[in-house]
Amino acid sequence: MNAPVSMPHVMPTYGRLPIALSHGEGAYVWDTEGRRYLDALSGIAVNTLGHKHPKLTPALQDQVSKMIHCCNYYQVPLQEELARLLVERSGLTNVFFCNSGLEANEAALKIARKYGHEKGIDKAEVVVYEKAFHGRSIATLSATGNPKVHAGFEPLVEGFVRVPLNDIAALEEVARTHPNVTAVFLEVIQGEGGINPARAEYLQAVRKLCDEKGWLLMLDEVQCGMGRTGKWFAHQWTGIQPDVMPLAKGLGSGVPVGAVVCGPKAANVLQPGNHGTTFGGNPLAMRAGVETIKIMEEDQLLANAERVGQHLMAALRRELSELKGVGEIRGQGLMIGVELDRPCGAILTRAMEAGLLLSVTADKVIRLLPPLIFTTEQADETVAILAPLVRQFLSESAV
Ligand SMILES: *Cc1c(COP(=O)(O)O)cnc(C)c1O
C-alpha cells in the first residue's frame, strides 16, 4: 500500500482510507496509482448507474452546456418532469426538491410539525426509532437513534419519541400516552443502523395505526429507495403507501439531489414562504434525476437489482452462513448486510487492499450497496474476494 493520502487543509471529519479514486467505468473504479477496484458500495448507494454511464454522461454534458442553475424564482420545467416521474412511480401526488438526504428529512419534519399546528397541536411530536439514521443537521441528528451521532451536539431538538423497530406494542403504547404525536418516521430498511428491515406486517400495522390516529406516515427512503431493493421504493414490497417519502442518494446517480414526495394528506401543508432552498430543483440535478429514472427503465434495472441481489445473497449465504462468528445475512435486492459477532472495521481496509470497495456499518455489519447495473459475474467476484477475507478475519480475531 502507498503512503496515506494527506489532506491537511480539509477538516478531519472522516477516517479516510489511504487511496484516492480518480475515475470509474461501470462497476469498476481506479485510483490515482492505476489500481482497479470492484465498487460494491457505489458511493454509499449513490451511483445508481455505476460510473461513466454511456447514456447518463452525454445527457449531463448536454445539460451543463444549456443551464446548470437558475433558482426557484422561475418555473423549472425539468422539476415538473422529475416530479411527474416520481409521482407516477410512487402513487403519491407532489414533490419538493432539495439537495441531500438530511434536507429531505428536514422538510419532512417541518411538514410533521406544521401538520400538527394546523390540527391545533402546538408541540408536535414525531415517533422515531432506535438505530435510525436520518442525517447530520441538528434536527435530523436528534431524530437519529445513535448516541455517537448525538454526542457533543446537545441540546438535541425536542419533540421526538423513540421506539424499537418491529415492535407494534411499543408504538401502540405511544399512541395511548402521547396525544401530541403527528407523525411516525422510519426507514423501510435501516441503512446506517446495520441493514435492519422493517417487517411487512409491522409496516402494515403502522399504516393502520397512523390512519386511526390521523398521523402522517413518513418513510425515509433516502438509502433503500430508487430501485435499490428491486422496486422503485422499498415500501412497495409491503403494499402500503406513506404520506411523506424523503429521497436522495441514488436519485441523481451521483449528482446531489434530494426530494420529498408527498401524498394528499401532506402535499399542501407547506405553502408559499414556509420552506425553500437556493440550489434545490436546479436544472442539472433535475436532469440527472430524469435521466436516471429513464435509463433505469430502459435497462430494466429494477429487475436486475432483484435478480443480482438474490444471486449475491445466495452466494454470501452459501459461503459464509455456516461459519462460526457469522450472524444474520439480510437485506433486499442490492442492499445487503452480513452481520458478524464482533466489530469488523478491519475488513473494510482488507477488502480495499484486495480490490473491493464496501462498507462496515453499526460496527459489526459488512454492508454491500453495489450499483444497480451490477452483474451476477460481479456478484460472484465480490463473494470470491470477500469470503476468504471474512474467514481469515474470524480465524485470527477475538470476539
Ligand atoms: C444517508 C442517509 C441520510 C442522510 O443523507 P445526506 O445526503 O448524507 O444528508 C438520511 N437518511 C438515510 C436513511 C440515509 O441513509
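What you see is a predicted model, and the numbers here were worked out from it, not measured in a lab.

### Here's the deal with the overall build of the protein chain
On a plain count of helices and strands, the protein chain comes out with 12 helices and 17 strands. Taking 399 residues into account, the globule formula puts the C-alpha radius of gyration at 21 Å, and the protein chain, at 21 Å, falls close to it. With respect to the principal axes defined by its C-alpha atoms, the protein chain has extents near 60 × 55 × 45 Å. Here the protein chain, with 399 residues, has 54% of them falling under the buried criterion. Restricting the contact set of the protein chain to residue pairs at least 6 apart, pairs at least 24 apart contribute 72%.

### Some words on empty space enclosed by the protein
Going through the model one piece at a time under the given rule, you end up with one cavity of 30 Å³ or more. The calculated volume of the largest cavity comes to roughly 60 Å³. Ala45, Thr48, Glu221, Val222, Gln223, Gly225, Met226, Arg228, Leu247, Ala248, Gly250 and Leu372 together form the lining of the largest cavity. A per-class count over the lining of the largest cavity returns six nonpolar, four polar and two charged.

### Overview of the domain arrangement of the protein chain
Entries for the protein chain in the domain assignment read domain 1 (21–53 + 300–396) and domain 2 (67–298). Overall, the association of domain 1 and domain 2 removes approximately 2,400 Å² of surface from exposure, summing both partners, and the carbon and sulfur fraction of that is 59%. A per-residue breakdown of the area domain 1 buries against domain 2 is headed by Leu302, Gln332 and Met335, which together make up 28% of the total. Applying the counting criterion to the domain 1 and domain 2 interface returns two salt bridges. Between Asp363 and Lys148 there is a salt bridge; the shortest N-O distance is 3.5 Å. On the surface where domain 1 and domain 2 come into contact, there are 15 residue pairs in polar contact (both at pLDDT 80 or more). Residue assignment for the side of domain 1 that touches domain 2 shows that the elements contributing at least two residues are α1 (42–45), α10 (301–320), β13 (326–332), β14 (335–340) and β17 (365–368).

### Let's talk about the layout of surface pockets
For the second largest pocket, the calculated volume is near 410 Å³. In terms of lining residues, the second largest pocket is bounded by 16 residues, among which Val95, Phe96, Ala267, Leu270 and Gln271 are the most central. Listed by contribution, the elements that provide at least two residues to the lining of the second largest pocket are β4 (94–98) and β12 (258–262). A class-by-class count of the residues in the lining of the second largest pocket yields nine nonpolar, seven polar and no charged.

### Remarks on the site of the ligand
Taken together, Ser100, Gly101, Leu102, Asn105, Phe133, His134, Glu187, Asp220, Val222, Gln223 and Lys249 make up the full set of residues near the ligand. Between the ligand and the protein, one listed contact pairs an oxygen atom with a backbone N or O atom of Leu102 at 2.8 Å. Considered on its own, the ligand offers 380 Å² of accessible surface; in the complex 82% of this is hidden by protein. Broken down by element, the shell around the ligand gets its largest block of residues, three residues, from helix α4 (residues 101–118). For the shell around the ligand, the residue count by class is three nonpolar, five polar and three charged.

### With respect to the sheet that holds strand β1 (residues 21–25)
Strand order across the open sheet formed by four strands is β1-β2-β3-β15, with mixed pairing between neighbours. Where the open sheet ends on each side, the last strands, each with one partner, are β1 and β15 (356–357). Bridge count between strand β2 (residues 28–31) and strand β3 (residues 36–39): three bridges; the pairing is antiparallel. Paired with Trp30 across the bridge in β3 is Arg36. Of the strands in this sheet, β2, β3 and β15 are in contact with helix α12 (residues 376–396), which crosses β3 at around 110 degrees.

### Observations regarding unusual backbone geometry
Here the bond from Glu154 into Pro155 is cis, since omega is 5 degrees, no more than 30 degrees from zero. As for its position among the elements, Pro155 is in the loop between α6 (147–150) and β6 (160–163). At Ser42, a residue that is not glycine, the phi angle is positive and equals roughly 45 degrees. Its place among the elements puts Ser42 in helix α1. Accessibility expressed as a relative area gives 0% for Ser42, which makes it buried.

### A look at the side chain of Asn47
Relative to the assigned elements, Asn47 resides in the loop between α1 and α2 (56–66). Discounting residues that sit within four places of it in the chain, Asn47 has contacts with Ser42, Ser253, Gly254 and Pro371.

### Remarks on the sheet that holds β13
An order of β13-β14-β17-β16 is seen for the four strands of this open sheet, with the pairing classed as antiparallel. Here the strands that pair on one side only, and so sit at the sheet edges, are β13 and β16 (359–361). Between one strand axis and the next, the sheet turns through 25 degrees on average, direction left out of account. Of the strand pairs in this sheet, β14 and β17 are connected by four bridges, and their pairing is antiparallel. Each bridged residue has a counterpart across the sheet, and for Glu339 the counterpart in β17 is Val365. Packed onto the sheet, α12 meets β13, β14 and β17 and runs at close to 170 degrees relative to β17.

Reading guide: rules and limits
- Residues numbered from 1 in each chain as written.
- Predicted model: local features only at pLDDT ≥ 70, side-chain atom pairs only at ≥ 80, totals over all residues.
- Heavy atoms only, no water.
- Helix = DSSP H or I, 4+ residues; strand = E, 2+ residues; numbered from the N terminus.
- Rg over C-alpha atoms; globule rule 2.2 N^0.38 Å.
- Buried < 20%, exposed > 50% of the residue type's maximum accessible area, 1.4 Å probe, protein only.
- Contact = heavy atoms within 4.5 Å.
- 1 Å grid on protein atoms, 1.4 Å probe; cavity = no way out; pocket = protein on both sides within 12 Å on 5 of 7 lines; lining within 4 Å.
- Points joined across faces, edges and corners; volume = space filled by probe spheres on them.
- Nonpolar A, V, L, I, M, F, W, Y, C, P; charged D, E, K, R; others polar.
- Domains from an automatic or database assignment.
- Buried area = accessible area lost by both parts, 1.4 Å probe.
- Salt bridge = Lys/Arg side-chain N within 4 Å of Asp/Glu carboxyl O.
- Polar contact = N/O pair within 3.5 Å; in protein donor to acceptor, adjacent residues only side chain to side chain.
- Near = heavy atom within 4 Å.
- Areas by Shrake-Rupley, 256 points an atom, 1.4 Å probe, with all protein chains shown as cover.
- Pairing = 2+ DSSP bridges.
- Axes fitted to C-alpha atoms, helices over the stretch in contact; angles between N-to-C directions.

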